[in-house]
Amino acid sequence: LNLSSPPRFTKAATFAEAHSLLASQTFDLIIAMPGVDVSETFTEARNIKTMWPEVPFVVLTPFSKEVSRRLENEDLSGVDYVFSWLGNVDLILAIIKLLEDKMNAQKDVEEVGVQTILVVEDSVRFYSSVLPHIYKFLLTQSREFSTEALNEHEQMLRMRGRPKVVLARNYEEARELYDRYAGRMLGVITDVSYPREGEQDKKAGIRFASYVRAADPCIPIIVESSEVENRD
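Residues numbered from 1 in each chain as written. Predicted model: local features only at pLDDT ≥ 70, side-chain atom pairs only at ≥ 80, totals over all residues. Heavy atoms only, no water.

Q: For this particular structure, what's the right way to read the overall build of the protein?
A: Broken down by element type, the protein carries eight helices and nine strands. The C-alpha atoms of the protein give a radius of gyration of 19 Å, which matches the 17 Å a tight globule of 232 residues would have. Dimensions of the protein along its principal axes, counting C-alpha atoms only, are 55 × 50 × 30 Å. In the protein, which comprises 232 residues, the proportion classed as buried is 41%. (Helix = DSSP H or I, 4+ residues; strand = E, 2+ residues; numbered from the N terminus. Rg over C-alpha atoms; globule rule 2.2 N^0.38 Å. Buried < 20%, exposed > 50% of the residue type's maximum accessible area, 1.4 Å probe, protein only.)

Shown next as structure tokens:
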């Protein structure tokens, strides 16, 4: 995909080894894969966040209904994102790009005029599946656009000027991100059911789409749902 600096990985078998590595080296991202004791992962995430608050911490978990149930009862305060491993290696790229976009979006949008795409989804399994597709499409499209550039520097600028993807996992976060980037938003992809005011709202996506449409009659909005009753 013409990435300028592919990531390098360092593997730790235990959290004790991870602490030792973090103390001696600089890392841009921590990805933890829970073992038998899922709670240990989130406890260690909080410990690591206390010592290295600037390093993003992501939990990558195999998908199962049992894991999903246990996640609902965990303290996720030390974790930036939870992703579900579905066997697609493109997910690693999506994780890195999503974190880069989160860090860079405000500066790039406000100062340079880069555009954004807002994804609103609280299902770990769904956004773990859809984000790799979105990023692969955007990066492939940006690479094709960059071939029109006159030199390598301009090609790199075109690659880096691709739209940013921002992810919201509840109604309030979606509104905050929309209000911040409304003037530079290419479109919105939203689920129907997700948390609003601390409770699961089965029509949150419809409310949010109405809010966006009232502010911008022309912005493209895609509403997706796995619940059959939302078809109409």
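Q: Explanation requested: the sheet that holds strand β3 (residues 81–85) in the structure shown.
A: Sheet strands pair by backbone hydrogen bonding; their relative direction is either parallel or antiparallel. Taken together, the three strands give an open sheet; going across it, the order is β1-β2-β3, and neighbouring strands pair in parallel fashion. With partners counted over all chains shown, the strands left at the sheet margins are β1 (30–32) and β3, one partner each. Direction aside, neighbouring strands of the sheet carry axes that sit 30° apart on average. Where strand β2 (residues 57–62) meets β3, five bridges bridge the pair, whose relative direction is parallel. Bridge assignment links P62 to a residue of β3, and that residue is W85. (Pairing = 2+ DSSP bridges. Axes fitted to C-alpha atoms, helices over the stretch in contact; angles between N-to-C directions.)

Q: Got a minute to help me understand the sheet that holds strand β4 (residues 116–120) in this structure?
A: Pairing in this open sheet of four strands is parallel, and the strands run β5-β4-β6-β9 from one edge to the other. At either end of the open sheet lies a strand with only one pairing partner, and these are β5 (164–168) and β9 (221–223). The average angle at which neighbouring strand axes cross in this sheet is 15°, direction not considered. Contacting β4 and β5, helix α4 (residues 90–112) crosses the sheet at an angle of about 110° to β5. (Contact = heavy atoms within 4.5 Å.)

Q: Would you take a moment to explain the pattern of salt bridges for this structure?
A: When the charged atoms of two side chains lie near each other, side chains of opposite charge can form a pair. In total, this model carries 12 salt bridges according to the counting rule given. Of the charged contacts, one joins K97 and E100 as a salt bridge, the two residues approaching to 3.1 Å between their closest N and O atoms. In this pair, K97 and E100 are both assigned in helix α4, three residues apart and thus about one turn of the helix distant. One salt bridge connects D108 with K164, and the closest N-O pair in it is separated by 3.1 Å. One end of the pair, D108, is in helix α4; the other, K164, is in strand β5, with 56 residues separating them in the sequence. Residue D108 shares its accessibility class with K164, and that shared class is buried. (Salt bridge = Lys/Arg side-chain N within 4 Å of Asp/Glu carboxyl O.)

Q: Please clarify how the packing of aromatic side chains should be interpreted in this entry.
A: Using the criterion set out here, one finds five aromatic pairs in the structure. Note on Y171 and F208: the rings are 6.3 Å apart at their centroids and 85° apart in plane angle, and the pair reads as edge-to-face. With a gap of 37 residues between them, Y171 in helix α7 (residues 171–181) and F208 in helix α8 (residues 204–215) connect regions that are remote in the sequence. With respect to class, Y171 is no different from F208; both count as buried. Members of the aromatic cluster, each reached through a chain of ring pairs, are Y171, Y178, F208 and Y211. The lysine or arginine in question, R196, covers the ring of Y171, its NZ or CZ lying 5.8 Å from the ring centre. (Phe/Tyr/Trp six-rings, centres within 6.5 Å; stacked < 30°, edge-to-face > 60°. Lys NZ or Arg CZ within 6 Å of the ring centre and 35° of its normal.)

Q: How should the pairing of β4 be read in this particular structure?
A: Regular strands place side chains that alternate from one sheet face to the opposite one. Burial within β4 is extensive, with five of its five residues counted as buried. The alternating pattern of β4 places T116, L118 and V120 on one face and I117 and V119 on the opposite face, and all of these are buried. Where β4 meets β5, five bridges bridge the pair, whose relative direction is parallel. Among the inter-strand pairings, L118 is bridged to a residue of β5, identified as V166. Bridge count for β4 against strand β6 (residues 185–190) is five bridges, and the pairing is parallel. Bridging across to β6, V119 finds its partner in I189.

Q: Mind showing me how you'd approach helix α1 (residues 15–24) here?
A: Every α-helix carries 3.6 residues per turn, so stepping three or four residues along brings you back to the same face. Regarding α1, the residues found buried are F15, A18, L21 and L22. Along the axis of α1, the buried residues cluster in a sector spanning 115°; they form a single face. With respect to the buried face of α1, the exposed residues turned more than 90 degrees away are A16, A23 and S24. On its buried face, α1 sits against β1, α2 (38–51) and β2. (Arc of directions from axis to C-beta.)

Q: Can you walk me through the packing of α4 against helix α5 (residues 124–146) in this structure?
A: When two helices pack together, their arrangement is given by the angle between the helix axes and by the axis-to-axis distance. Across the interface, α4 lies against α5 with an axial gap of 8 Å and an inter-helix angle of 75°. Regarding the angle of α4 to α5, the classification is roughly perpendicular. Here D90, L91, L93, A94, K97, L98 and D101 of α4 lie close against α5, whose contacting residues are S128, L131, P132, Y135, K136 and L139. Within the contact of α4 with α5, the residues separate by chemical class into eight nonpolar, one polar and four charged. (Parallel < 35°, antiparallel > 145°, perpendicular 65-115°, else oblique. Nonpolar A, V, L, I, M, F, W, Y, C, P; charged D, E, K, R; others polar.)

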